[in-house]
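Listed here are the chains, written in short residue letters.
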Amino acid sequence: MMSSNTRGIHGIWMSRWTFIMAATGSAVGLGNLWKFPYVVGNNGGGAFVLIYFLCMLLVGVPVMMAEVVLGREGRNSPITGMSYVVKNSECGRAWQLIGWIGVIAGLLILSFYAVIAGWGLHYILEVSNGNVIGVDGESAASLFADLTSSPAKLIAWQTIFLGMCLLVVTGGVKKGLGAAVEILMPLLFVMLLVMLIYAILKGNFVAACRFLFEFDIASVSWRAILEAMGLAFFTLSIGMGAIMAYGAYMPEGASIGRTVLIISFFDSIVAIIAGLIIFSIVFSTSGIEPTAGPGLMFISLPVAFGNMPAGQFIGIIFFILVVIAAWSSAISLLEPAAAWLVEAAGFTRFKASFSLVGFVWLLGLGSVFSFNLGKDFTLAGFTIFDGLDFVTSNIFLPVCGLAISVFVGFVMNRDVLSRQMADLEGYLLLIKTPSSSKTLSLRVVWDWVLRFVAPIAITAIFFMGVYDNIRF
Ligand code: PHE
């Protein structure tokens, strides 16, 4: 049998750290900087944050580990990789759909993700030109409306952003993705630190801490728990092919469990720091509500930047940070499909990435027009933008996450799984009851989570998402 290191045709990351940076780049994105703060704002703060962390640790991390296992065993794009793993597990071929759903979901997400990332690009310019200096809520809202009501502007920014993704993915695993994340991720952390120091010095840091960490257990509802879980999945990039594709390039000896823990630690810490920064700034300017919703970043923050000392400079850094975070996520949405076109159709990297970017661009026009010309074109209450967000986050993501847990939990070839996860068996937990004590390996706990905890939790998110959003 071929060694699994040489089975893939795309190469391997330079080191385990490159994988960690790439996967952290995928995980840290608009989900952390844009969605997390406003969802926390809408759900009352502290208690929601705690639940979010528990969901992340108890369900998100185990499922992410399962996705990396599938990637590293498959050693190719999710589609080709899954067909290899399925063949080796002697089970129904329908399980290969996991790869297909991931690749398709990735492209669908990218189509609207690129539009929002484009807003970030536009705001770098807007803040640099001094257009937010001294603005109040109303003029910030109309500045934002000027952007979203103009298809030409939205298309221009979406095109530039997709061009940036093309540039990286064309370069391949080592010279493209690997090299990009090795520059972008350290830069992102430095910028985040600068912003944090600014927030502590000039913002209302105490109010932000209170909002994020003070918790009132009475405000926890079942809804909030499910919403926290959905968000944890989205921000960890689970179920979209991205982590599977990146896992395929992971060096053989590295521990999947420890690596995934590090990635999820970075992902959560960025969400928390982003929350602290955004709320410190928001609370320092009177008249802005933390529950502002999706406009928090593009309306509330510009008002704050326009009225704070050195706000223009900090505002520029902030929106560059947003774009870098979105960029390093977007490349992981493009890579699964690009790798597959290279394998299956013999395309060069450039031809594969170029045709996919063209396709995503066209699809993205639907999201562009959802904010202007096509605002009233809705299906079951959704514009195209909302519909794509809903279908990917609430249907594709849970279905794929569930399939991954059940496949790795019950169906996958046990010998292969034990080889991939050998190190987990070495970690023992001591369970003590008054009458006896027992040791349990982490491997057993992980299997148990994949078989029972994750499927139940994911099924619950699925039904909540569908029930809440569909209006007939
Ligand atoms: N995790 C990214 C974010 O938080 C979004 C993403 C989802 C990226 C799925 C890749 C795959 O913004």
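Treat the numbers as computed from the prediction; the structure is a model and nothing was measured. (Residues numbered from 1 in each chain as written. Predicted model: local features only at pLDDT ≥ 70, side-chain atom pairs only at ≥ 80, totals over all residues. Heavy atoms only, no water.)

1. Quick word on helix α9 (residues 172-202)
Along its 31 residues, α9 runs 42 Å from first to last C-alpha, staying within 8% of the 45 Å computed at 1.5 Å per residue. A bend of about 30° at G178 is the largest found in α9. (Helix = DSSP H or I, 4+ residues; strand = E, 2+ residues; numbered from the N terminus. Expected span 1.5 Å × (residues − 1). Bend = angle between axes of the 7 residues up to and from the residue.)

2. Description of the confidence of the model for the protein
Of the residues in the protein, 96% reach a pLDDT of 70 or more, and the chain-wide mean stands at 89. Of all secondary-structure elements in the protein, the lowest mean pLDDT belongs to helix α1 (residues 4-7), at 57, while helix α8 (residues 151-170) reaches the highest, 97. (pLDDT = per-residue confidence, 0-100.)

3. Brief notes about the site of the ligand
The immediate surroundings of the ligand are formed by 15 residues, with A27, G31, Y113, F234 and S237 found nearest. Here an oxygen atom of the ligand and a backbone polar atom of A27 are 2.9 Å apart. At a separation of 3.1 Å, a nitrogen atom of the ligand approaches a polar backbone atom of T235. Isolated, the ligand exposes 320 Å² of accessible area, and the fraction of that covered by the protein chains is 100%. Taken together, the elements giving at least two residues each to the shell around the ligand come down to α2 (16-27), α3 (30-42), α11 (222-235) and α15 (311-345). Of the residues that constitute the shell around the ligand, the class distribution is seven nonpolar, eight polar and no charged. (Near = heavy atom within 4 Å. Polar contact = N/O pair within 3.5 Å; in protein donor to acceptor, adjacent residues only side chain to side chain. Areas by Shrake-Rupley, 256 points an atom, 1.4 Å probe, with all protein chains shown as cover. Nonpolar A, V, L, I, M, F, W, Y, C, P; charged D, E, K, R; others polar.)

4. Concerning α2
In a regular helix each residue adds 1.5 Å, so twelve residues correspond to 16 Å; α2 covers 16 Å between its end C-alpha atoms and thus fits that length. Across the twelve residues of α2, ten count as buried, placing the element largely inside the fold. Where α2 begins, one side-chain oxygen reaches toward the backbone nitrogen of W17, 3.1 Å away; that side chain belongs to S15. (Buried < 20%, exposed > 50% of the residue type's maximum accessible area, 1.4 Å probe, protein only.)

5. Comments concerning the packing of α9 against α15
At a minimum axis distance of 9 Å, the contact between α9 and α15 shows a crossing angle of 150°. If you check the angle between α9 and α15, you find them roughly antiparallel. When you trace α9 past α15, the crossing you get is left-handed. On α15, the residues that touch V173, L177, V181, L184, M185, L187, L188, M191, L192, V194, M195 and Y198 of α9 are G311, I314, I317, F318, I320, L321, I324, A325, W327, S328, I331 and E335. (Axes fitted to C-alpha atoms, helices over the stretch in contact; angles between N-to-C directions. Parallel < 35°, antiparallel > 145°, perpendicular 65-115°, else oblique. Left-handed = near helix turned anticlockwise from the far one by under 90°. Contact = heavy atoms within 4.5 Å.)

6. Here we look at the nonpolar core
Counting residues in hydrophobic clusters, the biggest one holds 165 residues, and the most contacted among them are F161, F319, V408 and W446. Excluding residues within four positions of it along the chain, F319 makes contact with G120, Y123, I124, V127, M297, F298 and F305. (Core = buried A, V, L, I, M, F, W, Y, C linked by side-chain atoms within 4.5 Å.)

7. Side note on the side chain of T259
Mapped onto the elements, T259 comes out in helix α13 (residues 256-284). Engagement of the side chain of T259 in a polar contact is seen with the backbone oxygen of S255, the distance being 2.4 Å. Filtering out sequence-adjacent residues up to four positions away, T259 remains in contact with R16, F19, I20 and M250.

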